[in-house]
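Residue-level structural notes
Given next are the chains, with one letter for each unit.
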Amino acid sequence: MRALPYFLTQFFCLSFLVPDLSLARDYQVKTLATGLDEPWAIAPVGEDTFLLTEKPGRLVRLEPNGSITTIKGTPPVYFARQGGLLEVLADADFANNGMIYLSFAGGDKSANRMTVVKATLDGDTLTDIQTILEVSPDKEGPAHYGGKLTLLPDGTLLVSVGEGYEYREEAQNLEWELGKLLRINTDGTPPADNPFPDTAPRVFSYGHRNPQGLIYDEATGQILMTEHGPKGGDELNHIVGGRNYGWPAITYGVDYNGAVISPFTEAEGMEQPLQYWVPSIGPSGLAVYRGDLFPEWQGDLLLGSLINEEMRRLKLDGDKVVLDEAIFPEIKGRVRDVRVLGDGEIVAVTEEGDVFQVTR
């Protein structure tokens with residue numbers, strides 16, 4: 001099937017932008033911190049306490065009083081363009097074991113890779129740092145790392161990996177880990193029940209471009225992931241192990257110079273996105289809303305938009321997106337990460353260095 005005409009793809013996306021009268025009212029947006037240096041991810045680690053990564057390589061703790069503490073012992077990172085210190089994720093038993101996971105670009109310009117470590121946060125210092133993943137093979141250039149992390153109920157860890165931009169064809173090659181969603185045990189070993197135990201033991205799904213949002217929804221058992229397309233063709237995908245999500249054999253986007261990457265938007269054996277965006281919105285951090293403060297939003301997805309510089313809400317009906325709208329206009333900037341807290345409050349981080357909290 002050939003790609004839809006550009007004006008039709010625009011109409012397809014814009015048809016979801018009709019304002020929803022149930023948009024949350026009577027909320028407050030508070031600024032928790034400003035002046036951070038390219039923050040990339042935020043992780044709650046206690047009451048009103050958060051860990052944040054700064055892409056140049058600093059891990060910090062945002063204290064309840066608003067002060068910032070630098071965590072010592074963070075591994076060195078390759079900081080250039082899209083490379084640097086990326087995700088921070090607290091272990092499910094963090095309150096007892098103090099364990100966190102970090103993803104970052106390791107290496108240098110000529111040989112670099114997505115890397116994941118686990119470490120223990122002991123006061124203001126990381127200890128017992130262990131490398132549990134180095135994506136293979138190495139690549140050149142500081143582009144398309146992915147880097148999102150999430151834990152599954154069985155204790156395994158999902159890691160999104162970009163295709164490195166110049167290596168896009170390798171997203172279809174199971175012998176390369178670029179352009180994949182990987183699943184590993186937290187000691188770094190591949191689970192025996194991964195889909196390709198003999199040919200690609202750490203690969204969970206493939207055919208991805210640059211995945212920048214990743215969640216597991218405990219209520220539905222779904223894995224959901226957003227990824228950047230080229231010029232147009234950003235995607236929200238429902239991930240199922242072993243499946244091929246098409247990049248670059250099928251896409252709703254074109255190259256940045258306007259050249260056709262593929263004439264096809266569908267192909268046998270390749271999955272369709274739940275939603276795609278033309279023009280691109282640059283979807284970033286992804287969260288599912290489960291909480292009491294905004295009961296009308298139960299099960300909705302919240303995400304950042306780097307290009308539109310806003311937060312968005314997506315309402316799903318099964319595997320169909322029935323609403324896509326901008327929310328919280330008070331939060332301005334390239335929204336890089338979004339988290340829903342246990343009490344239903346929402347936190348968001350912008351690349352400009354601000355941390356916001358939405359309460360009611």
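Residues numbered from 1 in each chain as written. Predicted model: local features only at pLDDT ≥ 70, side-chain atom pairs only at ≥ 80, totals over all residues. Heavy atoms only, no water.

Right, let's get into the environment of Glu87. Tracing the sequence through the fold places Glu87 in strand β6 (residues 85-90). In this structure Glu87 comes out as buried when scored by relative accessible area, which is 0%. Through-space distance from the C-alpha of Glu87 to that of Asp48 is 19 Å; in sequence the pair is 39 residues apart. Excluding residues within four positions of it along the chain, Glu87 makes contact with Trp40, Ala41, Thr53, Tyr101, Leu102, Ser103, Gly147, Lys148, Leu149, Asp337 and Arg339. Of note is the side chain of Glu87, whose polar atom sits 3.2 Å from the backbone nitrogen of Leu149. (Helix = DSSP H or I, 4+ residues; strand = E, 2+ residues; numbered from the N terminus. Buried < 20%, exposed > 50% of the residue type's maximum accessible area, 1.4 Å probe, protein only. Contact = heavy atoms within 4.5 Å. Polar contact = N/O pair within 3.5 Å; in protein donor to acceptor, adjacent residues only side chain to side chain.)

Moving on, we get to the pairing of strand β19 (residues 301-305). Taken across its five residues, β19 has five buried, putting it largely inside the fold. Every second residue of β19 is oriented toward a common face, with Leu301, Leu303 and Ser305 on one face and Leu302 and Gly304 on the other, all of them buried. Pairing analysis gives four bridges linking strand β18 (residues 283-288) to β19, with the strands arranged antiparallel. The residue of β19 that forms the bridge with Leu286 is Leu303. Hairpin connection of β19 to strand β20 (residues 310-317): four residues between the antiparallel strands, including Glu309 at a positive phi of 55°. (Pairing = 2+ DSSP bridges.)

Glancing now at the environment of Glu271. For Glu271, the location among the structural elements is in the loop between β16 (234-239) and β17 (275-277). If we skip the residues at most four places from it in the chain, Glu271 touches Arg243, Asn244, Tyr245 and Ile250.

Attention now moves to the sheet that holds strand β8 (residues 112-122). Pairing is antiparallel in the open sheet, where four strands are placed in the order β6-β7-β8-β9. Pairing within the sheet leaves two strands with one partner each, and these edge strands are β6 and β9 (125-134). Taken over all neighbouring pairs, the strand axes of this sheet differ in orientation by 25° on average, direction set aside. The pairing of β8 with β9 spans seven bridges and is classified as antiparallel. In the strand pairing of β9, Thr115 is matched with Glu134. (Axes fitted to C-alpha atoms, helices over the stretch in contact; angles between N-to-C directions.)

Take the confidence of the model for the protein chain next. The share of residues in the protein chain with pLDDT of 70 or more is 93%, and the mean pLDDT across the chain is 94. Between residues 1-22, whose pLDDT stays under 50, and residues either more than four places distant or in other chains, the model counts 37 contacts. (pLDDT = per-residue confidence, 0-100.)

The next point concerns the nonpolar core. Ranked by size, the top nonpolar core spans 43 residues in total, and within it Leu59, Leu157 and Val159 carry the most contacts. Sequence-distant contacts of Val159, that is, excluding residues within four places in its chain, are made with Met114, Val116, Leu133, Lys148, Leu149, Lys180, Leu181 and Leu182. If you look at the next biggest cluster of nonpolar residues, it comprises 15 residues, including Phe294, Met311, Val335 and Val338. (Core = buried A, V, L, I, M, F, W, Y, C linked by side-chain atoms within 4.5 Å.)

Another aspect to go through is the pattern of salt bridges. Per the stated rule, a full pass over the model turns up 25 salt bridges. Taking the shortest distance from any N to any O, the salt bridge between Lys148 and Glu87 comes out at 3.3 Å. Residue Lys148 is located in strand β10 (residues 146-151), and its partner Glu87 is located in strand β6; the two are separated by 61 residues in the primary sequence. Each member of the pair Lys148 and Glu87 is classed as buried. In this structure, a network of salt bridges that share partners links the residues Glu87, Lys148, Asp337 and Arg339. (Salt bridge = Lys/Arg side-chain N within 4 Å of Asp/Glu carboxyl O.)

Applying the stated rule across the entire model yields 10 aromatic pairs. Look at Tyr27 and Phe328: their rings are 4.9 Å apart centre to centre, the planes differ by 70°, and that puts the pair in the edge-to-face class. Placement of the pair is Tyr27 in the loop between α1 (6-14) and β1 (28-33) and Phe328 in the loop between β21 (320-327) and β22 (335-340), with a sequence separation of 301 residues. Assessed through its relative accessible area of 2%, Phe328 is described here as buried. Ring centres of Tyr289 and Trp297 lie 6.4 Å apart, and the angle between their planes is 90°; on these two criteria the pair is classed as edge-to-face. Both residues of the pair, Tyr289 and Trp297, belong to the buried class. Connected via pairs of aromatic rings, a cluster forms that spans Tyr27, Tyr289, Phe294, Trp297 and Phe328. Across the ring face of Tyr145, the terminal group of Lys139 is positioned such that the distance to the ring centre comes to 4.0 Å. (Phe/Tyr/Trp six-rings, centres within 6.5 Å; stacked < 30°, edge-to-face > 60°. Lys NZ or Arg CZ within 6 Å of the ring centre and 35° of its normal.)

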